[in-house]
Amino acid sequence: MNIVVQKPGIHTTVQDLGRFGYQKLGINPGGVMDPVAARLVNILLGNRDSDAVLEMHYPAPRYLFGEDAICAIGGADFVPAVDGSEIDNWRAFAVSKGNVLSFGIKLAGNRAYLAVSGGLDIEDWLGSASTNIIAQAGGIFGRALRANDEIELRSTSKLNLPVSSGKISHSLIPNYSSHPTVRVIAGAEFDCLSNQGLKTFLKNEFTVSMDSNRMGFRLIGKPINLSAPREIISSAVSVGTIQLLPDGQLIVLMADHQTTGGYPRIAHVISYDLPLVAQLGTNDKMTFQVVDTKEAEDLALQFEKNLSFLRAACRFQTNS
Amino acid sequence: MEPDMVKIFPLGDSALTLDLGGEISDTLNEKAIALSNYLDSHPFPGFIESVPAYSSITVYYDLVTVRHYFPDLMSAFEAVKHIIENGLPAVKIPRSKKARTIEIPVKFDREAGPDLEFVAQQSGLDTMEVVRIFTGSTYRVFMLGFIPGFSYLGQVDERIATPRHDSPRLSVPKGSVGIAGKQTGIYSLESPGGWQIIGQTDTELFSPNNKKPCLLSPGDHVRFVSA
């Protein structure tokens, strides 16, 4: 039982919540760009949060199902349809053997996630199913999907259960926007910004450049200066780290970032707001707002609580 | 390990970095590696992984788990900072003579090392002399980063230290041995890169299907031998 890729779309990859424990070897965590979307669709199906999903960009792929399955899609809205009938994001839906799942237009966001009940059957590499393109490992042959690839599904055991009809509550879905205010924590070199640089960082909009991908988003904006040049010895970086490049422009490191870097670390996107950044595309704009570590943690903690309620509710539905 | 010189700052809400002092030295790097190994073998609840670099170590954690286990502390950051500061005195620096030494055969010629001539010119030496000086030192693996298995080795003899190219090459072949200032490194995979390429090795630095995917680990010693 499997899904056959009829059209691969642009850079469709298998991802989970990431590969941890190997950054000291230069192997980055990778994983989904928008972990909240991926977790929500998995939870909706009664899967583990960390089950592998397909991360899709626009133009999106087209899949032929070789077996009955229950699926859910979240994140970007590319107007999914099963055999031509439109379906909603954030709601479980049934697909029958021989059905085609396709996508229409790009309505909102830039990365959609397809989860299948029971999970995709992907061989782990170093403890994760995530595709690592540079290492050519993980996922499907360590690369983006191609036409005629076949993705195995784990099991049909859950297919006898009724599809939970509920749609995920709005309050759990990130407040996606093409011009979000993104909350950040000050980085080690935040205090090295010149007065003018600080003002620029906090008051101006930054545009996502075409030169943006899963490694990082390059931003275009008024150049930012440090009060004095800083020599920084390379050290580890993280997803969401905002580095200041020598030309005064910013880069936000994303899922496939290099493990180490030597540019000034101006700020870090808080975990709670990472999905807002992950769903941006070329020419979208963002502004930054600085919060403290405690506030960032409290937001993440509260969200985790809300997720556990959803998890309990979905389990109740799929088991009853 | 003495905690007084250490600066700790958040690297976002799920990681923190300890800066052991802003310089590249064997001593600081040994401390970073020792602390990283200590944390790997004494993980606290919520610990994800630690990454030693030249003179720092970064600790990644699951803030939800940390907050759950340490509810009395104001934040997960404060809790992890506290744990590490308390653990620092227990960290022992292993004697550096215990380091493994790995020999890497390298072909040094114009084809394998397209920048060998340039490095020689910059240094005012002939290429044979550059190779002699380069292979005359034992290098320390300060850290891995950039791409899987890429190791930052040091330190290159002043006489042949050459700054990187102004604009990086779009593609540097796998196995290329490069110099960037006083650093040297081996491209574990084909990738873009700006280092001065002086030779090439057939040694596999990164084998994704091995249980231990990378040949080198932080703290290892490397000797290059002319193939």
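Residues numbered from 1 in each chain as written. Chains lettered and ligands numbered in written order. Predicted model: local features only at pLDDT ≥ 70, side-chain atom pairs only at ≥ 80, totals over all residues.

Colleague: Can you walk me through the overall build of chain B in this structure?
Modeller: Each helix and strand in chain B was counted, giving five helices and 13 strands. Viewed in the frame of its principal axes, chain B has a C-alpha envelope of about 65 × 35 × 30 Å. Among the 227 residues that make up chain B, the fraction classed as buried is 46%. Nonlocal contacts in chain B, meaning residues at least 24 apart in sequence, comprise 59% of its contacts between residues at least 6 apart. (Helix = DSSP H or I, 4+ residues; strand = E, 2+ residues; numbered from the N terminus. Buried ≥ 20, exposed ≤ 12 C-beta atoms within 10 Å, placed from the backbone. Contact = placed C-beta atoms within 7 Å.)

Colleague: Even after reading the chapter, I still don't get the overall build of chain A, so can you show me in this structure?
Modeller: Scanning chain A from N- to C-terminus turns up four helices and 20 strands. Since a compact globule built from 320 residues should have a radius of gyration of about 20 Å, the 20 Å found for chain A is in line with a globular shape. The C-alpha extent of chain A, read off along each of the three principal axes, is 65 × 35 × 35 Å. For chain A, with 320 residues in total, the buried portion stands at 50%. Looking at chain A alone, contacts between residues at least 24 apart form 77% of all its contacts between residues at least 6 apart. (Rg over C-alpha atoms; globule rule 2.2 N^0.38 Å.)

Colleague: Can you help me understand the sheet that holds strand β4 (residues 62-65) of chain A in this one?
Modeller: Backbone hydrogen bonds hold the strands of a sheet together, and the pairing may be parallel or antiparallel. If you trace the six strands from one edge of the open sheet to the other, you get β7-β6-β9-β4-β1-β11 (chain A), paired in antiparallel fashion. Both edges of this open sheet fall to β7 (85-86) and β11 (150-152) of chain A, since each of them pairs with a single strand only. (Pairing = 2+ DSSP bridges.)

Colleague: Looking at this model, I keep getting lost on the pairing of strand β17 (residues 250-253) of chain A. Mind explaining?
Modeller: The side chains of a regular strand alternate, residue by residue, between the two faces of the sheet. Residues and elements named next belong to chain A. Burial of the side chains of β17 extends over both faces: Leu 250 and Val 252 are buried on one face and Ile 251 and Leu 253 on the other. Bridge count between strand β14 (residues 216-220) and β17: three bridges; the pairing is antiparallel. Residue pairing in the sheet places Gly 216 in a bridge with Leu 253 of β17. Pairing analysis gives three bridges linking strand β16 (residues 241-244) to β17, with the strands arranged antiparallel.

Colleague: Sorry if this is basic, but what is going on with the interface of chain B and chain A here?
Modeller: You'll often see interface size given as the accessible area lost when the parts meet. In this complex, chain B contributes 41 residues to the contact, which on the side of chain A involves 34 residues. Those elements that provide at least two residues to the side of chain B that touches chain A are β1 (7-10), β2 (15-19), β3 (47-52), β4 (56-61), α2 (63-69), α3 (76-87) and β6 (138-144) of chain B. Take the side of chain B that touches chain A: its biggest share by element is four residues, from β3 of chain B. The class makeup of the residues in the side of chain B that touches chain A is 26 nonpolar, twelve polar and three charged. (Nonpolar A, V, L, I, M, F, W, Y, C, P; charged D, E, K, R; others polar.)

Colleague: Explanation requested: the sheet that holds strand β5 (residues 101-106) of chain B in the structure shown.
Modeller: Residue and element names in this part refer to chain B. Judged by pairing direction, the sheet is mixed, and its seven strands sit side by side in the order β5-β13-β6-β7-β10-β9-β12 without closing on themselves. For this open sheet the edge positions go to β5 and β12 (196-200), each flanked by a neighbour on one side alone. Neighbouring strand axes in the sheet, compared pairwise and without regard to direction, differ in orientation by 35° on average. With four bridges connecting them, strand β7 (residues 151-154) and strand β10 (residues 183-186) associate as antiparallel partners. Paired with Ser 151 across the strands is Ile 186, a residue of β10. (Axes fitted to C-alpha atoms, helices over the stretch in contact; angles between N-to-C directions.)

Colleague: How should the nonpolar core be read in this particular structure?
Modeller: Across soluble globular proteins, nonpolar side chains have a tendency to be buried as a group. Among the nonpolar cores identified, the biggest contains 153 residues, and Val 41, Tyr 113, Val 252 and Val 277 of chain A together with Val 80 of chain B are the most heavily contacted of them. Here this core gets seven residues from one element, more than from any other, and that element is helix α1 (residues 35-44) of chain A. When neighbours within four sequence positions are excluded, Val 252 of chain A is seen to be in contact with Gly 216, Phe 217, Leu 219, Gly 240, Ile 242, Val 269 and Val 277 of chain A. (Core = buried A, V, L, I, M, F, W, Y, C linked by C-beta atoms within 7 Å.)

Colleague: I'm lost on the domain arrangement of chain B in this one. Help?
Modeller: Residues and elements named next belong to chain B. When its domains are assigned, chain B resolves into domain 1 (7-96) and domain 2 (99-226). Spacing between the C-alpha centres of domain 1 and domain 2 amounts to 29 Å. Between domain 1 and domain 2, the contact holds eight residues from the first and seven residues from the second. When residues in the side of domain 1 that touches domain 2 are grouped by element, the largest group, three residues, is from helix α1 (residues 26-41). (Domains from an automatic or database assignment.)

Colleague: Mind showing me how you'd approach the domain arrangement of chain A here?
Modeller: Residue and element names in this part refer to chain A. By domain assignment, chain A separates into domain 1 (2-172) and domain 2 (181-297). The straight-line distance from the C-alpha centre of domain 1 to that of domain 2 is 28 Å. In this assembly, 15 residues from domain 1 lie in contact with 13 residues from domain 2. When contributions to the side of domain 1 that touches domain 2 are tallied by element, the ones reaching two or more residues are α1, β5 (69-77) and β10 (108-116). Among the elements that take part in the side of domain 1 that touches domain 2, β10 stands out by supplying three residues, more than any other.

Colleague: I tried to follow the environment of Gln 6 of chain A on my own but got confused; where do I start?
Modeller: All names here are of chain A. Residue position: Gln 6 is located in strand β1 (residues 2-7). A tally of 15 C-beta atoms within 10 Å means that Gln 6 is categorised as partly exposed. Between the C-alpha atom of Gln 6 and that of Lys 222, which follows or precedes it by 216 residues, the distance is 44 Å. Discounting chain neighbours no more than four positions away, the residues touching Gln 6 are Arg 62, Tyr 63, Leu 64 and Ala 147.

Colleague: What exactly am I supposed to notice about α1 of chain B here?
Modeller: Residue pairs three or four apart in sequence face the same way in an α-helix, which turns once every 3.6 residues. Residues and elements named next belong to chain B. Between its first and last C-alpha, α1 extends 22 Å over 16 residues, near the 22 Å set by a 1.5 Å rise per residue. For α1, every residue scored as buried is listed here: Leu 28, Asn 29, Glu 30, Lys 31, Ala 32, Ile 33, Leu 35, Ser 36 and Leu 39. For α1, the elements touching its buried residues are β3, β4 and β6. (Expected span 1.5 Å × (residues − 1).)

Colleague: What should I look at first to understand the environment of Ala 94 of chain A in this one?
Modeller: Residues and elements named next belong to chain A. By the secondary structure assignment, Ala 94 is in strand β8 (residues 93-95). Of the residues examined, Ala 94 has 15 C-beta atoms within 10 Å and is grouped as partly exposed. For the pair Ala 94 and Ser 117, spaced 23 residues apart in the sequence, the C-alpha separation amounts to 9.8 Å.

Colleague: Before we go on, may I ask you to explain the pairing of β6 of chain B in this structure?
Modeller: Residues and elements named next belong to chain B. Most of β6 sits out of view: six of its seven residues are buried. For β6 and strand β13 (residues 221-226), the ladder comprises three bridges, and the chain directions are antiparallel. The residue bridging Arg 140 from the neighbouring strand is His 221, located in β13. Bridge analysis of β6 against β7 gives four bridges, and the strand direction is antiparallel.

Colleague: Just checking my understanding: could you explain unusual backbone geometry for this structure?
Modeller: Note: most residues except glycine have negative phi, and most peptide bonds are trans. Of note, the bond from Tyr 58 of chain A into Pro 59 of chain A is cis; its omega dihedral lies within 30 degrees of zero at 0°. Following the sequence through the fold, Pro 59 of chain A ends up in the loop between β3 (53-56) and β4. Cis rather than trans, the peptide bond between Gly 154 of chain B and Gln 155 of chain B has omega equal to -5°. You can see Gln 155 of chain B is positioned in the loop between β7 and β8 (169-172). Although it is not a glycine, Asn 283 of chain A adopts a positive phi angle of roughly 75°. Here Asn 283 of chain A shows up in the loop between α3 (274-278) and β20 (285-290). The class of Asn 283 of chain A is exposed, set by 11 C-beta atoms lying within 10 Å.

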